[in-house]
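Listed here are the chains, written in short residue letters.
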Amino acid sequence: MSKGVADFKVARSELERFMLAVLEGAGADEVSARAVTRALVTASRMGTDSHGLRLLPHYVRALQGGRIAGAPRLRFERRLPATGYLDAGNGFGHLAGYTAMAHAVDMAEQVGLGAVAVGHSSHFGAAGCYALAAAERGLIGLALCNSDPFVLLHEGVQPFHGTNPIAFAAPVADGLPYLFDMATSAIPWNRVQQYGAIDRELPDQVAADAEGRVTRTPADVAALLPLGGADFGFKGAGLGGMVEVLSSTLAGMANGFRLLPMGGPDMATPRGVAHFFLAMKPDAFAPGEPYAERMRDYLADLRAQPGRGGGAVLAPGDREWACQARRDAEGIPLDMANQQAYRELAERLEILPLERLA
């Protein structure tokens, strides 16, 4: 295929237009479609396509199969001054995530902290989107989620935890937020699928085959290794367990080992994914409101440190914000596999195809 076809980029507004049309055409109500679009475009603007635009065809299958309710009835109950529970009504996890974090932020603005457990939800894409939603309102945010088993326990022989992400964001006065988003596995499962779609070899010590042996071939992957690999995977396994306790356990849902697989084949039965969101008001702690100045000092000291080989030391989020600025200016790229998937969606749902940037 020629370089011109492979180098397919679209404007942010065009990607948003297409995603909204696809989701509404597949049966999502407007509020759900906007939440999914917001999360997917946010992830892809920052370079996390594995949790961004690549997921759209999967969500359409889950929506049309009946697994995800296109017009869910969300029910929020404030349990205590700083805690609440959101029943997501088996709708999109993105709508649940933004809704729950908004409730957490509202409570934090009133009493300093706000925490919301979410049950009866679904995959919510990139966890960083919801931590970032708190930081954009001037609060510190934490977002956690369980998932079906992909990851070996340390010295285990079968998958037990999900990739169970942890995302943390903090506001920065006169700057873009501090943003940290990680899977507790060595890599996320969607990265394996992304690498397989573009015929790319995986890094070492991140995935295993059905016999538990480390493999770098996406097609041979049966499980992921926990963060830390074969020698130090107890760290990732422990973090994955912490996420499980704070998500499924607090929400009263089944733990990830008992969830239906995200990839099917059952696309009709809701999965019951659980999330946890925490928002904290920075100036609700130390007297004198020192947060903004201390955060500036911390980041200035961090970025001033010498880098290996003369390179720059980056704070969490710096790489993503640089990618976002570049993609906003130059367009968001779609690899060949995603180009084909998006063409098929346009044809099947009878909507205008994506218009590439000139």
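Residues numbered from 1 in each chain as written. Predicted model: local features only at pLDDT ≥ 70, side-chain atom pairs only at ≥ 80, totals over all residues. Heavy atoms only, no water.

Attention now goes to the environment of Cys-129. In this structure, Cys-129 sits in helix H6 (residues 128–135). Separated by 39 residues in the primary sequence, Cys-129 and Phe-168 place their C-alpha atoms 9.7 Å from one another. Discounting residues that sit within four places of it in the chain, Cys-129 has contacts with Ala-39, Thr-42, Ala-43 and Tyr-98. (Helix = DSSP H or I, 4+ residues; strand = E, 2+ residues; numbered from the N terminus. Contact = heavy atoms within 4.5 Å.)

On to helix H4 (residues 56–65), then. The buried fraction of H4 is high, at 7 of 10 residues. If you check which residues of H4 are buried, you get Leu-56, Pro-57, His-58, Tyr-59, Val-60, Ala-62 and Leu-63. Looking at the buried positions of H4, the neighbouring elements they touch are helix H2 (12–25), helix H3 (30–45), helix H5 (93–111) and helix H11 (336–349). Once H4 finishes, Gly-66 follows within two positions and takes phi at roughly 105°, a positive value. (Buried < 20%, exposed > 50% of the residue type's maximum accessible area, 1.4 Å probe, protein only.)

This part is about the sheet that holds strand S4 (residues 113–121). Note on sheets: strands pair through backbone hydrogen bonds, and any given pair is parallel or antiparallel. Spatially, the 7 strands line up as an open sheet ordered S2-S3-S4-S12-S5-S8-S9, and their pairing is mixed. Strands at the two margins of the open sheet, each flanked by one partner only, are strand S2 (75–80) and strand S9 (178–182). Across the sheet, the axes of successive neighbouring strands diverge by a mean angle of 10°, strand direction being ignored. With 5 bridges connecting them, S2 and strand S3 (residues 83–87) associate as antiparallel partners. Each bridged residue has a counterpart across the sheet, and for Leu-80 the counterpart in S3 is Thr-83. (Pairing = 2+ DSSP bridges. Axes fitted to C-alpha atoms, helices over the stretch in contact; angles between N-to-C directions.)

Next up on the list: the nonpolar core. Across soluble globular proteins, nonpolar side chains have a tendency to be buried as a group. Of all hydrophobic cores here, the largest spans 38 residues; its most connected members are Tyr-98, Met-101, Val-116, Val-118, Tyr-130, Phe-277 and Ala-279. Contributing elements (two or more residues each) for this core: H3, H5, S4, H6, strand S5 (140–145), strand S8 (166–170) and strand S12 (273–280). The element best represented in this core is H5, accounting for 9 residues. Excluding residues that lie within four positions of it along the chain, Tyr-130 makes contacts with Ala-39, Gly-93, His-94, Gly-97, Tyr-98, Met-101, Phe-124, Ala-143 and Phe-277. (Core = buried A, V, L, I, M, F, W, Y, C linked by side-chain atoms within 4.5 Å.)

A word on the pairing of S5. Looking along a regular strand, one sees the side chains alternate between the two faces of the sheet. The element S5 is largely enclosed, with a buried count of 6 among its 6 residues. The two faces of S5 match: Ile-140, Leu-142 and Leu-144 on one face and Gly-141, Ala-143 and Cys-145 on the other face are all buried. By the bridge criterion, 6 bridges tie S5 to S12 in an arrangement that is antiparallel. Residue pairing for S12: Leu-142 is matched across the bridge by Leu-278. Inspection of the sheet shows S5 paired to S8 by 4 bridges, in the antiparallel sense. Note on S8: the bridge partner recorded for Leu-142 is Phe-168.

Okay, a nonpolar patch on the surface next. A cluster of nonpolar side chains, Leu-153, Phe-160 and Phe-257, forms an exposed patch at the surface whose accessible area comes to about 230 Å². Here Phe-257 lies in the loop between helix H8 (229–251) and S12. The partly exposed category is assigned to Phe-257, whose relative accessible area is 36%. (Patch = residues over 30% accessible without salt bridge, like charges linked within 9 Å, V, L, I, M, F, W, Y side chains within 5 Å. Areas by Shrake-Rupley, 256 points an atom, 1.4 Å probe, with all protein chains shown as cover. Salt bridge = Lys/Arg side-chain N within 4 Å of Asp/Glu carboxyl O.)

This brings us to the packing of H4 against H11. What describes two packed helices is the angle between their axes and the distance between those same axes. One can describe the packing of H4 onto H11 by two numbers: an axis separation of 10 Å at closest approach and a directional angle of 35°. Contact residues: Leu-56, Pro-57, Val-60 and Gln-64 in H4; Ala-341, Tyr-342, Leu-345, Arg-348 and Leu-349 in H11. Residue composition of the contact of H4 with H11, by class: 7 nonpolar, 1 polar and 1 charged. (Nonpolar A, V, L, I, M, F, W, Y, C, P; charged D, E, K, R; others polar.)

Before going further, it helps to examine the pattern of salt bridges. Scanning the entire structure with this criterion turns up 17 salt bridges. A salt bridge links Arg-137 to Asp-106; the shortest N-O distance between them is 3.0 Å. Residue Arg-137 is found in the loop between H6 and S5, and its partner Asp-106 is found in helix H5; the two are separated by 31 residues along the sequence. Judged by its relative accessible area of 33%, Asp-106 is partly exposed. The partner of Arg-137 in a salt bridge is Glu-109, with the nearest N and O atoms 3.3 Å apart. Of this pair, Arg-137 sits in the loop between H6 and S5 while Glu-109 sits in helix H5; the two residues are 28 residues apart in sequence, bridging distant segments of the chain. For Arg-137, a relative accessible area of 38% gives the class partly exposed. The exposure class of Glu-109 is partly exposed, given its relative accessible area of 37%. Each member of the salt-bridge network shares a partner with another, and the members are Asp-106, Glu-109 and Arg-137.

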